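Geometric and topological summary
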Amino acid sequence: MLIVVLSGLRARWASFLGGFVALALGVGLLATLGLGLSATLHAPERPPQRFASSPVVVQGQDRLTLDVRRGPGTASVAQRLDRPQPVDSELLHELEARWPVTPSGGPDAVGVDAPAAEVRALVGDRAQVLTGDERRRADPGHDRDADALVGVNALLGTSGGVTAFVSVFVVASTFAFAVALRRREFGLLRTAGATPGQIRRLLLAEAAALGVLASAAGCALGTAGAPLLAGALVDGGLAPAWFTVGGPAWPFHAAFWTGVAVALAGAIAASRRAGKVGPTAALREADVDADALPLGRALLGTGLLLAGLGLLVWTYATDPSALLKRKTYTTLPMLLITGIALLSPLLVRPAARLLRLRGAVGTLVRENSAASVRRTAAVAAPVLVTVALAGTLFGSAASVTRAKGAEGREQTVAEYVVSGPALRPVTAPAGAVVSPTGPTSVFVRDEDAAVVKYGARAVTDPAAFAELSRLPVVAGDPRDLDDRSIVVNEEFERRGVGETVEVWRADGTGPVRLRIAAVLALGTGDNGPYVTRANAPGSVPDRIDARGGGTAAVRALEASGGTVRTAGAWAEAARPSNGSPQARLGMVLVLGIALVYTVIGLANTLLMATSVRGGELASLRLAGATRAQILRVVTGEATLAVAIGTLLGLAVTALVLGTLGAGLAALSAPVALALPWATVGVAAGVCAAVAIAASALPAWRLTR
């Protein structure tokens, strides 16, 4: 068996080349992404910066810790504060009285030159005592870097999932099509006495050999690609400047065995079909695919398609805000893509019959595509993946961003908006209304089983804020906001106007009981809550809305130190229509993976398919067809298959974007859907160019 397997791989190396490259690339990407994930979970050792010379650091509390219900008992849950609390002055005097104390640019932490045990005994629970590597928690930017690593972790995890999905898709499609081309070979083996089990074991052995070789090559690619990935993440602003990848072994093991498993999984279905080939297949000459959609494939495709549609409807009905999240619109279309791809042979023949081209070339393109359903579907499937991911990823991201921008613009009637990190107070000139607001947080218990941190806005002047804002009010009146009340959104557990809600402030102080003055629609997630400055300690205005006052108001706003824009220009700057550079980089990474796999799948499928059509093309030459006509027929078939894949991908995109639009409407947010025609066009154009080249080159060689 081993000799037969190795001989087959050597004799048919060209047909296995595409699968080998796709699998090696997939393993390389998984190893690279695994090394990146490992680096986010285990940050490299970095010495403390702010208190490098102090063996002990006393820092104010930076976590709000509350007891919540866990079954019959309770458990402590910690949520990070916006900023650490200052060290108590009395505690600071006690520390200074006993040991040398090193202040460092802020009241939140001091360095202490003393034994850690003695400092802990003195401090107790009044502050945190940090030693060793924990002293980094007092460094500036520590929390920001931690948030960046969480974002990188999510990005790499999503990319790894897309890589695994597309690699299984391409490898399985490659094996299935290769088996379809070898039906006569399997028929000859059956005629020579081979059993169905031997045929299946032959294919599985070929897949195992291919998987081992490709996985080994992929691990080598991962070693070289991991540093490049880390550099791209740092240059793109997604990861901290110190981010590097280490050398743990588990990503290589995970990638290698995943590659072998993918190869075997891709060959299992093909091997079962090959085992059913009878000896009479050796006499088969017709190229019409009569069994391109077996019952098992039809049932699986229908089940996945219905599951994808059901998941879309269920998400819309139960949690429409989840439709706005990147993880949802990246992973949700995969069920739809797989289901439609499995059912694509049902759609190929009707789509091909719809083509109406004049002349012999058009007739041959239409009839050949309709007759060779398996070949046309094998070309359309990877195009479907790329176009669907391009449309859903970039379309959903652009739609959400536009909805947020439109929502922000609709919620203010200001003429000018000033933005900046820390704005100075502004005195409103005669005839002007000025409303400064700043970021803060509130912490709320959720059914006594969790503590939820809400990003809120601190209002300096409730009357001016109510005059300039047009919030999506569901109940109540924002004009009733004062130091003893709060404006909440529909996400709050308690949201009845006049009810009281128990909250903790951004610095962890509380709880305070605030009356609900108004309830807002959830929208895209930026609608409230709102509190006054009295309940937002440490908050500094980063936005000033203004109306009236003419040029005097503009001069006053300029004195705040921020950027003065018209309300429309501010909305576009705050929410650019094409999203942030970091988000675009993440989507380009995911789409790039799919596009590379599509190119490999298209080239491999068409090279194999065209290379075995020598007899057919020779018959056309004998019938009087010119070489140019034959090339137009072959490339026309490839172009038609790409067009069918593009239409199927657009259908998936329409389903996802339509559901997203319904979700935005259910959240009372502006519906501003955007189909990224340029991105989809580039993806489809690349697929068409590769398909034309991969079909024309072997056809040109065969017709010499």
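Overview of the structure. (Residues numbered from 1 in each chain as written. Predicted model: local features only at pLDDT ≥ 70, side-chain atom pairs only at ≥ 80, totals over all residues. Heavy atoms only, no water.)

Right, let's get into unusual backbone geometry. Following Gly510, the chain continues to Pro511 via a peptide bond in cis, the omega torsion being 5°. By the element assignment, Pro511 lies in the loop between strand 12 (500-504) and strand 13 (512-520). We note that Ser668 has phi near 60°; this positive angle belongs to a residue other than glycine. Take Ser668: it is sitting in the loop between helix 19 (627-666) and helix 20 (677-702). Overall, the relative accessible area of 47% leaves Ser668 in the partly exposed class. (Helix = DSSP H or I, 4+ residues; strand = E, 2+ residues; numbered from the N terminus. Buried < 20%, exposed > 50% of the residue type's maximum accessible area, 1.4 Å probe, protein only.)

Describing an aromatic ring pair means giving the distance of the ring centres and the angle of the ring planes. Inspection of the entire model under this criterion finds three aromatic pairs. Relative to Trp257, the ring of Phe256 lies with its centre 5.0 Å away and its plane at 90°, an arrangement referred to as edge-to-face. When the ring of Tyr454 is compared with that of Phe492, the centres are 4.3 Å apart and the planes differ by 20°; the resulting orientation is stacked. With Tyr454 in strand 9 (residues 450-459) and Phe492 in the loop between strand 11 (485-489) and strand 12, the pair connects residues that are 38 residues apart, well separated along the chain. Its relative accessible area of 10% is what places Tyr454 among the buried residues. (Phe/Tyr/Trp six-rings, centres within 6.5 Å; stacked < 30°, edge-to-face > 60°.)

At a minimum axis separation of 10 Å, helix 11 (residues 333-353) and helix 19 run at an interaxial angle of 135°. One way to sum up the angle between helix 11 and helix 19 is to call them oblique. For the pair helix 11 and helix 19, the crossing hand works out as right-handed. When helix 11 is examined against helix 19, the residues Pro333, Leu336, Ile337, Ile340, Ser344, Leu347, Val348, Ala351 and Ala352 are found in contact with a partner set consisting of Leu640, Ile644, Leu648, Val652, Leu655 and Val656. Here the contact of helix 11 with helix 19 is composed, by residue class, of 14 nonpolar, one polar and no charged. (Axes fitted to C-alpha atoms, helices over the stretch in contact; angles between N-to-C directions. Parallel < 35°, antiparallel > 145°, perpendicular 65-115°, else oblique. Left-handed = near helix turned anticlockwise from the far one by under 90°. Contact = heavy atoms within 4.5 Å. Nonpolar A, V, L, I, M, F, W, Y, C, P; charged D, E, K, R; others polar.)

The first and last C-alpha atoms of helix 11 sit 28 Å apart over 21 residues, in line with the 30 Å expected at 1.5 Å per residue. Maximal helix bending in helix 11 amounts to about 55°, located at Ser344; proline Pro345 follows within four positions. (Expected span 1.5 Å × (residues − 1). Bend = angle between axes of the 7 residues up to and from the residue.)

A word on helix 19. Look at helix 19: 58 Å from first C-alpha to last across 40 residues, which is about the 58 Å you get at 1.5 Å a residue. Count one or two residues on from helix 19 and you reach Ser668, which has phi positive near 60°.

On to the nonpolar core, then. With 56 residues, the main nonpolar core has Phe165, Val166, Ile337, Leu384, Val385, Val642 and Val652 as its most contacted residues. Elements represented by at least two residues in this core include exactly helix 5 (142-181), helix 11, helix 12 (359-371), helix 13 (373-410), helix 17 (581-611), helix 19 and helix 20. With 13 residues, helix 13 is the largest single contributor of residues to this core. Not counting the four nearest positions on each side in its chain, Val642 is found in contact with Val379, Val383, Ala684, Cys687, Ala688 and Ala691. (Core = buried A, V, L, I, M, F, W, Y, C linked by side-chain atoms within 4.5 Å.)

This brings us to a negative patch on the surface. Side chains of Asp319, Asp446, Glu447, Asp448, Glu491 and Glu493 sit close together on the surface and give a patch of like negative charge. Structurally, the position occupied by Glu447 is in the loop between strand 8 (433-446) and strand 9. (Patch = residues over 30% accessible without salt bridge, like charges linked within 9 Å, V, L, I, M, F, W, Y side chains within 5 Å. Areas by Shrake-Rupley, 256 points an atom, 1.4 Å probe, with all protein chains shown as cover. Salt bridge = Lys/Arg side-chain N within 4 Å of Asp/Glu carboxyl O. Lys, Arg positive; Asp, Glu negative; His and termini not counted. Charge placed at Lys NZ, Arg CZ, Asp CG, Glu CD.)

Another point: the pattern of salt bridges. A complete count under the given rule lists 12 salt bridges for this structure. For the salt bridge of Asp62 with Arg137, the shortest nitrogen-to-oxygen distance reads 3.2 Å. Taken together, the positions of Asp62 in the loop between strand 1 (56-59) and strand 2 (63-70) and Arg137 in the loop between strand 6 (128-131) and helix 5 put the pair 75 residues apart, joining distant regions of the chain. Here Arg479 makes a salt bridge to Asp477, at a shortest N to O gap of 2.7 Å. The network of salt bridges with common partners includes Asp62, Arg63 and Arg137.

On to the sheet that holds strand 6, then. In spatial order, the strands read 4-5-1-6; together these four strands make up an open sheet with antiparallel pairing. Single-partner strands in this sheet number two, and they are strand 4 (101-103) and strand 6. The average angle at which neighbouring strand axes cross in this sheet is 30°, direction not considered. (Pairing = 2+ DSSP bridges.)

Bringing the packing of helix 19 against helix 20 into the picture now. Closest axis-to-axis distance for the helix 19/helix 20 pair is 9 Å, and the angle between their directions is 150°. Put simply, helix 19 runs roughly antiparallel to helix 20. Judged by the sense of rotation from one axis to the other, the crossing of helix 19 with helix 20 is right-handed. Judged by residue contacts, Arg627, Leu631, Val634, Thr635, Ala638, Thr639, Val642, Thr646 and Leu650 of helix 19 engage Val680, Ala684, Cys687, Ala688, Ala691, Ile692, Ser695, Ala696, Ala699 and Trp700 from helix 20. In the contact of helix 19 with helix 20, the residues fall into 14 nonpolar, four polar and one charged.

This part covers the environment of Ala194. Looking at the element boundaries, Ala194 is found in the loop between helix 6 (183-191) and helix 7 (196-235). Beyond its immediate stretch of four places on either side in the chain, Ala194 contacts Leu189 and Ile199.

So yeah, pure geometry; function would need other evidence.
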